[in-house]
Amino acid sequence: MEDTKDAFVFKGVAERLTLGITRILENMPGVVDVRFAEREPAEKRTLLFWEQKNTCILPEDLRDFYLTTDGFTLTWSVKVDDECVPLGCMMINSVGRLCPLLQPISVFSLPNAPSLADLDWEESSSETGLEPAPSAPHFDSRSRIYELDSCGGNGKVCLVYKNCTPGVVAQHSEIWFLDRSLCWHFLTATFTAYYRLMITHLGLPEWQYAYTPYGPSPQAKVENGRM
């Protein structure tokens, strides 16, 4: 009886977390093997330790998310010629894997070795009549960047704190996408908005590239065309 109650409670939590997308996927023709990974909530002390270690305050919506589930993984496949082919993947890293994109420079590194900071440049805003785009993150100490999703090697979705000052706690964050060419693309101002965006796109391959000037690769378009 207790196990049945626990299963019912988990189903309710899962339904809220996935915004009902699991039922939608399970009812779609050709979709099989919809899997949602159950995770325990993160502990408050774990979140506090992360904030102290990184000198950043987690946004309230992301904090609430982690206090519900320490990360998120939902995958699904499609049936092609009697074979199950993995297609969709929605993922949010756990607190333990919410790691800095830029690791501290090792004392053993060559003094003039190139780094991501060398890719920084200031884009001119000479064009008129256009709404100014959000300023892109920097690869140096002006930004603190943490990986939310590795996107299967097709880029990285990141929690970004901009205009940072060394030793000062950063509080305002945004969600950005770093593509394979190391160019930044603004996604959303809040984690909640990004989460809904991820669910809306069903975790299809390279869906984040819909928010770049060039879009998903031809291969991703073919794979997504199976839906």
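Residues numbered from 1 in each chain as written. Predicted model: local features only at pLDDT ≥ 70, side-chain atom pairs only at ≥ 80, totals over all residues. Heavy atoms only, no water.

> Give me the pattern of salt bridges: which residues, what numbers.
With the rule as written, the count across this model stands at seven salt bridges. Between Arg 35 and Asp 33 there is a salt bridge; the shortest N-O distance is 2.7 Å. Exposure remark for Arg 35: the relative accessible area of 52% places this residue in the exposed category. A relative accessible area of 38% places Asp 33 in the partly exposed class. Residue Lys 162 is joined to Glu 174 by a salt bridge in which the shortest nitrogen-to-oxygen separation is 3.1 Å. Highlighted residues: Lys 162 in the loop between strand 5 (156-161) and strand 6 (173-178) and Glu 174 in strand 6, separated in sequence by twelve residues. (Salt bridge = Lys/Arg side-chain N within 4 Å of Asp/Glu carboxyl O. Buried < 20%, exposed > 50% of the residue type's maximum accessible area, 1.4 Å probe, protein only. Helix = DSSP H or I, 4+ residues; strand = E, 2+ residues; numbered from the N terminus.)

> Can you explain the pairing of strand 4 (residues 144-149)? Please cite residues and give values.
Within strand 4, six of the six residues are buried, leaving the element largely enclosed by the surrounding structure. Examined bridge by bridge, strand 4 and strand 5 share five bridges and lie antiparallel to one another. By the bridge assignment, Asp 149 is partnered in strand 5 with Val 157. Turn length for the strand 4-strand 5 hairpin, with the two strands adjacent in sequence and antiparallel, is six residues, and the turn residue Cys 151 shows positive phi of about 55°. (Pairing = 2+ DSSP bridges.)

> Talk me through the packing of aromatic side chains; I want residue IDs and the actual numbers.
Within the structure shown, the criterion is met by 15 aromatic pairs. For the ring pair Trp 207 and Tyr 211, a centre distance of 6.3 Å and an interplane angle of 90° mean the geometry is edge-to-face. A residue is classified by how much of its surface remains accessible, and Tyr 211, at 33% relative accessible area, is partly exposed. Feature note: the residues Phe 36, Phe 65, Tyr 66, Phe 72, Phe 191 and Tyr 195 constitute an aromatic cluster, connected by ring pairs. (Phe/Tyr/Trp six-rings, centres within 6.5 Å; stacked < 30°, edge-to-face > 60°.)

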